[in-house]
Amino acid sequence: MFIKFSVYLRLLRELKVAPVKIFTSTNQSVLAQPQQIRNMDHSNGVDGYSDNPHLNGKIRDWLKWDKNEKTRHEIEDLVQRCEWKTLEKRLVNRLTFGTAGLRGVMYAGFYAMNDLVVIQSAQGLLKYIQQCFPTDKERERGIVLGYDGRYNSKRFAELTACVFLNAGVPVLLFSQMVATPFIPFTILQKKCLAGVMVTASHNPKEDNGYKVYWGNGAQIISPHDKLIEKSILENLEPFSTSWNLDILSSSSLLTDPYDEMIKSYYDKLTATIPKDILETNHSSDFQCVYSAMHGVGYVYVKKAMEAGDLKPVIAVKEQSYADPEFPTVKFPNPEEGASSLELSMKLADSVDVDVILANDPDADRLACAERHKDTRQWKVFTGNELGALLGWWAFECYKKLNPNENFSDCYMLASTVSSKVLRAIANVEGFQFIETLTGFKWMGNESCKLMAQGKSIVFAFEEAIGFMVSPTVLDKDGVSAACHLASLGSYLRHSNLSFNDKLNEIYNRYGYHCTINSYFICHDPEVISAIFTKIRNSGIGDKVTSDCSYPTSILNGKYRIESVRDLTTGVDTSQPDNKATLPTSKSSQMITFSFENGVVVTLRTSGTEPKIKYYSEMCGKPQDKNWDELRQILVEIVDAIVDEFLEPQHNKLIPRD
């Protein structure tokens, strides 16, 4: 396909480049066609042919800066085929820092994960760190880098290391794949300036990510994220040394922390388990089937069981080692439930084991399923149910390790869309409970603040099967959580109790808590915006603000809404001044409805996926014994919220499989 001659000349004028001449066998000069120009040196600026000068500039930048032959040719081929819309999508916009860094599909372009975008991100992070720590002495603390088993993860980590080493900043680069929790753990142990884990967690195989931690061991939050993004935009052109990886084999500033950190991590894990529990573990016959979901977890969970003096896990061999293709699962995410645990259940049935544990590919999340001792049916626990179990267990272990402590200075945390069961336990047991915004970056940073005040952090969790059982890692940690959950299983086995039995005991003592969480997929941001705009303008009577009038009930008044909290606009009608106390963000959608009967429903958009998520919970009292009735009320309310507020058919939302 050839571009029109007139368009070609106009674009050359826009780029201020003379037409390129080539010579035929008859010694006549003719204008080069796109295929011929494609094979020439692009340093002369002939690298764009669209009607959009801005896009042409982006094409020119890419072909000038990208030294990766594969991704460079991707852009050249798109130019040759005049795929202007595709090029505009890939080049005009950039991946921006979202949930503690970058995450996106791997292909050529500024709106994707690739060598050039990683180098630009590393350069921006480097310059920001140099601003925050201006002296060589401060920068001696260096940064730590890790990577998982996805395509390009190791290379992205090495390119980042190269940028920092060439600037004279020490780098601790793990020599082999690690679970994500080892990066925040190493930051705290080695007092690093920051850390980066190259992972896309449970995303599809086409994706990768760049997860950034600050020197406090927690994921970055504002203002760091915005200032790093600003620094990236100020340092887009690769430094002359950024593509040269030779320094990795010659720099004295590069060290491998693997052996030291592995030993330290498991020593500290053992120290969080009371001595009598270790003895119980040693004598128990409790055992579980385990899946690493084609990720890095197996090696580390195996060591965790050894650290807890537990029986080894029975691994799902097909999923035990890192495979970037994720060949046996549709989505490499144990949060998807039974569909992701089919091989685990098949193995557990064959070896007659009643418990399954599973990590996501970077092993920061933990899933659990249990076979009912009577019906023999498998129950996959929700993140909220596991949060209740592990929260109760963490407090029991903490009391054993700190028998004389005043628990009023002990804290548990959960994200605002997670179950309030910890609050119910705290009200009885005397420790403190704090609710944060969604995501472990908020719980990690809040934990830092509390510990700086001399407070003790016992446990934190989010409903997306993320658990922090010890503040030695200020992030979700599926490796230590696996050990602690197995220790609880061992403890319960001595009383012939299952996890589900214990969960019911918790509900009986502290009140029944049931949840319904799911999502719809929506790829159109305008539809999402319209949905939430309509919710904010669907009420009657006096407006909460000049432009917001929230609904006051559902099902024609059957269930009354007591208050609304909108963390996009900053409204909270439960507060005297109608202003939310939690941080707000206009870049994401999040509205919570609290009903008069105690039901709480939250609608929010995902920070990493094209989803509208909904979270709901019925918080019962200890005296409320009709659990079926409570759950039916919750089901009715959730169905009405979906139908009346989200209108999935009208908005063509795609339901969860």
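Because the structure is a prediction, the values reported are computed rather than measured.

**Digging into the overall build of the protein**
For the protein, the helix and strand inventory stands at 21 helices and 25 strands. Since a compact globule built from 657 residues should have a radius of gyration of about 26 Å, the 27 Å found for the protein is in line with a globular shape. Projected onto the principal axes, the alpha-carbon positions of the protein cover approximately 95 × 65 × 55 Å. Counting only residues that meet the buried cut, the protein has 58% of its 657 residues in that class. Within the protein, contacts between residues separated by at least 24 positions form 68% of all contacts whose residues are at least 6 apart in sequence. Counting only carbon and sulfur atoms, one obtains 49% of the accessible surface of the protein, whose full area is about 27,900 Å².

**Structural notes on the packing of aromatic side chains**
For the structure shown, the criterion picks out 26 aromatic pairs. Taking the centre distance of 6.5 Å and the plane angle of 65 degrees together, the rings of Trp 65 and Phe 110 count as edge-to-face. You can see Trp 65 sitting in helix H3 (residues 53–65) and its partner Phe 110 sitting in the loop between strand E3 (101–105) and helix H6 (115–132), a full 45 residues away along the chain. Ring geometry for Phe 461 and Phe 467: centres 6.5 Å apart, planes at 15 degrees, overall stacked. The same class applies to Phe 461 as to Phe 467, namely buried. Among the aromatic residues, those joined into a cluster by ring pairs are Phe 182, Phe 185, Tyr 265, Tyr 266 and Tyr 300. Across the ring face of Trp 392, the terminal group of Lys 502 is positioned such that the distance to the ring centre comes to 3.7 Å.

**Observations concerning the pairing of strand E12 (residues 366–371)**
Of all six residues making up E12, six are buried, and the element is well covered by its neighbours. Pairing geometry for strand E11 (residues 355–359) and E12, over five bridges, is antiparallel. In the strand pairing of E12, Ile 356 is matched with Ala 369. With antiparallel pairing between neighbouring strands as the criterion, E11 and E12 make up a hairpin whose turn holds six residues, including Ala 363 at a positive phi of roughly 60 degrees. With antiparallel pairing between neighbouring strands as the criterion, E12 and strand E13 (residues 378–380) make up a hairpin whose turn holds six residues, including Arg 376 at a positive phi of roughly 65 degrees.

**Quick look at the confidence of the model for the protein**
Chain-level pLDDT for the protein is 91 on average; 91% of the residues reach the 70-or-more range. Note that residues 1–48 has pLDDT below 50 and, in this model, 82 contacts with residues that lie over four places away or in other chains.

**Focus on the pattern of salt bridges**
Taken as a whole, this structure holds 36 salt bridges when the rule is applied. For Arg 371, the salt bridge identified is with Asp 354, shortest N-O distance 2.7 Å. Here the residue Arg 371 occupies a position in strand E12, and Asp 354 occupies one in the loop between helix H14 (342–351) and E11, the gap between them amounting to 17 residues. Here Arg 371 falls in the buried class, since its relative accessible area comes to 7%. On the basis of relative accessible area, Asp 354 is assigned to the partly exposed category, the value being 26%. Arg 509 is the salt-bridge partner of Glu 429, the closest N and O atoms lying 3.4 Å from each other. Remark: Arg 509 occurs in helix H19 (residues 499–510) and Glu 429 occurs in helix H16 (residues 421–429); sequence separation between them is 80 residues. Salt bridges linked by common partners bring Lys 211, Asp 364, Glu 462, Asp 475 and Lys 476 together as one network.

**Thoughts on the pairing of E11**
Among the five residues of E11, five are classified as buried, and the element is accordingly described as predominantly covered. Side chains Val 355, Leu 357 and Asn 359 project from E11 onto one buried face, and the interleaved Ile 356 and Ala 358 project onto a second face that is buried too. Summarising the sheet, strand E9 (residues 289–291) and E11 pair through three bridges and their orientation is parallel. Opposite Val 289, over in E11, you have Ile 356 as the bridge partner.

**Quick notes on helix H11 (residues 258–271)**
The terminal C-alpha atoms of H11, which comprises 14 residues, lie 20 Å apart, in line with the 20 Å expected from a rise of 1.5 Å per residue. Buried within H11 we find Tyr 258, Met 261, Ile 262, Ser 264, Tyr 265, Tyr 266 and Leu 269. As for H11, its buried residues are in contact with helix H9 (182–190), helix H13 (297–307) and helix H18 (478–493).

**Details of unusual backbone geometry**
Negative phi is the rule for most residues except glycine; trans is the rule for most peptide bonds. In the segment running from Ser 222 into Pro 223, the intervening peptide bond is cis, with an omega of 10 degrees. Tracing the sequence through the fold places Pro 223 in the loop between strand E7 (207–214) and helix H10 (224–233). One non-glycine residue with positive phi stands out, namely Met 293, at about 55 degrees. Following the sequence through the fold, Met 293 ends up in the loop between E9 and H13. At Asn 578, a residue that is not glycine, the phi angle is positive and equals roughly 65 degrees. Relative to the helices and strands, Asn 578 resides in the loop between strand E21 (571–572) and strand E22 (590–595). You can call Asn 578 partly exposed: its relative accessible area is 28%.

**A few points about the packing of H13 against H18**
H18 packs onto H13 with a crossing angle of 40 degrees between their chain directions and a minimal axis gap of 9 Å. In terms of orientation, H13 and H18 fall into the oblique class. Once H13 is placed against H18, the crossing between them reads as right-handed. For the pair H13 and H18, contact is made by Tyr 300, Val 301, Ala 304 and Met 305 and by Val 479, Ala 482, Cys 483 and Ala 486, respectively. Across the contact of H13 with H18, the residue classes break down as eight nonpolar, no polar and no charged.

Reading the values: rules and limits
- Residues numbered from 1 in each chain as written.
- Predicted model: local features only at pLDDT ≥ 70, side-chain atom pairs only at ≥ 80, totals over all residues.
- Heavy atoms only, no water.
- Helix = DSSP H or I, 4+ residues; strand = E, 2+ residues; numbered from the N terminus.
- Rg over C-alpha atoms; globule rule 2.2 N^0.38 Å.
- Buried < 20%, exposed > 50% of the residue type's maximum accessible area, 1.4 Å probe, protein only.
- Contact = heavy atoms within 4.5 Å.
- Areas by Shrake-Rupley, 256 points an atom, 1.4 Å probe, with all protein chains shown as cover.
- Phe/Tyr/Trp six-rings, centres within 6.5 Å; stacked < 30°, edge-to-face > 60°.
- Lys NZ or Arg CZ within 6 Å of the ring centre and 35° of its normal.
- Pairing = 2+ DSSP bridges.
- pLDDT = per-residue confidence, 0-100.
- Salt bridge = Lys/Arg side-chain N within 4 Å of Asp/Glu carboxyl O.
- Expected span 1.5 Å × (residues − 1).
- Axes fitted to C-alpha atoms, helices over the stretch in contact; angles between N-to-C directions.
- Parallel < 35°, antiparallel > 145°, perpendicular 65-115°, else oblique.
- Left-handed = near helix turned anticlockwise from the far one by under 90°.
- Nonpolar A, V, L, I, M, F, W, Y, C, P; charged D, E, K, R; others polar.

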